[in-house]
Amino acid sequence: MGLFKKNGDNKEELTLREYEEAFDLYYTSIRNFLYFKTSQAEFSEDIAQDAFVKLWETRRKIDKTSIKAYLYTIANNLAINQLKRNQLKYKFLNLQTERRDDMSPEYLLEMQEFDEKLQNTLAKIPDGAREVFLMNRIEGLKYHEIADRLGLSMKAVEKRMSRALAIIREEIKYKV
Amino acid sequence: MKPEIPNSEKEVLDAISNLELPFTPNSKSVARQRIMETIHNSENENEAIGVRLFYQAAGIALAIGLVSFLLLYQNKTIENIGETAMTCELPCKTQVSLYPGSKLSFNSFTYSFKRKINISGEAFFDVTRGAPFTAFAPQGKVRVLGTTFEMWGGNTHLFVHCQSGEVQVESGNKKTNLLASEFIQIKNGTPGVKRVYPYENRANKRDSNILRFNSAPVELVIAHLERALDVEIECGLDPATVYTGVLNTGRGEECLTIFCKPFGAQIQILDKDHITISP
């Protein structure tokens, strides 16, 4: 990080360069976190952008050592406030499978059924557990990294992961 | 080879891990551009608001300063420290005869739209037409309704004699309207009875010690003697009784003896400031 300006509260004001660095480092993970939370792509992008605008507006008050946690907190709060206003219907993306000529209609139908099942399963996982689970599975973040970003303890992350896995297992068993 | 439909826990978890997020590759750069634009616009807006607030604050401060200056430093005081009456003219062309030892003050800024003056002592006013004219004295105020009048006022008394037109005398909650020739005296906040004495026969000329009365109510004579001798007289005579005669206040209390003679009244001097006249 570059130079910091001192402000009245003896906290270091974020410079534009540092702000841009923070954007490069955290924008994608914040946006993904919001997507894992809400399943709404456009909404996640909007809220992530709002969170960064908020970071700039409060650049004189924040502690530069906790920008990452601060961004997650802002994003989470903004999303919660927005979700209160709009009841979202969870709908995650379908599995990325290319349609090929050698795929029979039966196969495609079966794949579509699995896809729907998976979406329903993900929607059944409680918000907190789903975020943690998808951050781990899709973003490949380790437990301690998730704990660091969300301001959780390792134990809490483990617990949420177990809860998510239990629900998935239960659903698979039902399917099988 | 076409992918297998996942049917074990591992396969399902792998399928989840392979989910692709629905964001376009350039979504980050688009977001960056939008955020920077928002920040830039917000900074410009804040700057514009800051400049606007600065000018507004400066304007308000200037207005407050100007009004304070006008209210505080535009007070004019006219005081007659001489031995003869002085004539002065107020901004509205109202003529004022200010008698010795009297003081008149007003704010020349507010006077142009509210003709208000403070008076301590004696004065004769010839008020011009225009906005309501009000003279404040410690014991009350006189609102002029287009007139000429004489008044004097101290801390304990107020005397008003209307020459022409009409004035309104207000003391406490009580208002009394005086028409031409009517006079009233207010002592210690208590208004006396409104009486008539033609102003043309005005009791005295302020520049001389001679008081002339022609069938003047005793109350008026006493008021003039009190003013001229600077004493407080408690008079037991019927205030409506009239007096005709000439009194020379330059001779001090001797004029009181002359005044009392026709009534057969007795004078008792309690101290240098208090005199009693009893029938």
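Criteria and thresholds
- Residues numbered from 1 in each chain as written.
- Chains lettered and ligands numbered in written order.
- Predicted model: local features only at pLDDT ≥ 70, side-chain atom pairs only at ≥ 80, totals over all residues.
- Heavy atoms only, no water.
- Phe/Tyr/Trp six-rings, centres within 6.5 Å; stacked < 30°, edge-to-face > 60°.
- Lys NZ or Arg CZ within 6 Å of the ring centre and 35° of its normal.
- Pairing = 2+ DSSP bridges.
- Helix = DSSP H or I, 4+ residues; strand = E, 2+ residues; numbered from the N terminus.
- pLDDT = per-residue confidence, 0-100.
- Contact = heavy atoms within 4.5 Å.
- Expected span 1.5 Å × (residues − 1).
- Buried < 20%, exposed > 50% of the residue type's maximum accessible area, 1.4 Å probe, protein only.
- Arc of directions from axis to C-beta.
- Salt bridge = Lys/Arg side-chain N within 4 Å of Asp/Glu carboxyl O.

With that settled, consider the packing of aromatic side chains. What describes a pair of aromatic rings is the distance from one ring centre to the other and the angle between the planes of the rings. Under the defined criterion, the tally for this structure stands at 16 aromatic pairs over all chains. Within the aromatic cluster, the residues linked to one another by ring pairs are F213, Y243, F259 and F263 of chain B. One cation-aromatic arrangement involves R31 of chain A over F23 of chain B; the distance from NZ or CZ to the ring centre is 3.8 Å. Just above the ring of W56 of chain A sits the side chain of R59 of chain A; from NZ or CZ to the centre is 3.9 Å.

A separate point is the pairing of strand β17 (residues 274–278) of chain B. Residue and element names in this part refer to chain B. Looking at chain direction, strand β14 (residues 232–235) and β17 are connected through four bridges and run parallel. Among the inter-strand pairings, E232 is bridged to a residue of β17, identified as H274. Pairing of strand β16 (residues 266–271) with β17 involves five bridges; the strand directions are antiparallel. Counterpart to I269 in the pairing with β17 is I275. Between β16 and β17, which pair antiparallel and follow one another directly, the connecting turn spans two residues.

Quick look at the confidence of the model for chain A now. Residue and element names in this part refer to chain A. The predicted model of chain A has a mean per-residue pLDDT of 81, with 81% of residues at 70 or higher. Model confidence for chain A, summarised as mean pLDDT per element, is weakest for strand β1 (residues 5–6) at 46 and strongest for helix α2 (residues 41–57) at 92. Contacts for the low-pLDDT stretch residues 1–10, under 50 throughout, to residues beyond four places or in other chains number 21 contacts.

Our next topic: helix α4 (residues 105–124) of chain A. Residue and element names in this part refer to chain A. Taking 1.5 Å of rise per residue, the 20 residues of α4 would be expected to cover 28 Å, and the 29 Å separating its terminal C-alpha atoms lies within 8% of that figure. Of all the positions in α4, only Y107, M111, F114, D115, L118, Q119, T121 and L122 are classed as buried. Down the axis, α4 shows its buried residues gathered within 160° of arc, on one side only. Exposed side of α4, more than 90 degrees from the buried face: P105 and E106 are the residues found there.

Moving on: the side chain of Q139 of chain B. Residues and elements named next belong to chain B. Here Q139 shows up in the loop between β6 (133–137) and β7 (140–153). By relative accessible area, which is 15% here, Q139 ends up buried. Ignoring anything within four residues of it in the chain, the contact list for Q139 reads G154, N155, T156, H157, L158, E170, S171, I186, K187, N188 and G189.

With that settled, consider the pattern of salt bridges. The final tally for this structure, using the stated rule, is 18 salt bridges over all chains. For the salt bridge of D24 of chain A with R32 of chain B, the shortest nitrogen-to-oxygen distance reads 2.4 Å. One end of the pair, D24 of chain A, is in helix α1 (residues 16–38); the other, R32 of chain B, is in helix α2 (residues 27–73), on a second chain. With a relative accessible area of 40%, D24 of chain A lands in the partly exposed category. On the basis of relative accessible area, R32 of chain B is assigned to the partly exposed category, the value being 25%. Across the salt bridge formed by E226 of chain B and K187 of chain B, the nearest N and O atoms sit 2.6 Å from each other. With E226 of chain B in helix α3 (residues 218–229) and K187 of chain B in strand β10 (residues 182–187), the pair connects residues that are 39 residues apart, well separated along the chain. Judged by relative accessible area, which is 9%, E226 of chain B ranks as buried. If you follow the salt bridges from partner to partner, you end up with E13, R59 and R60 of chain A in one network.

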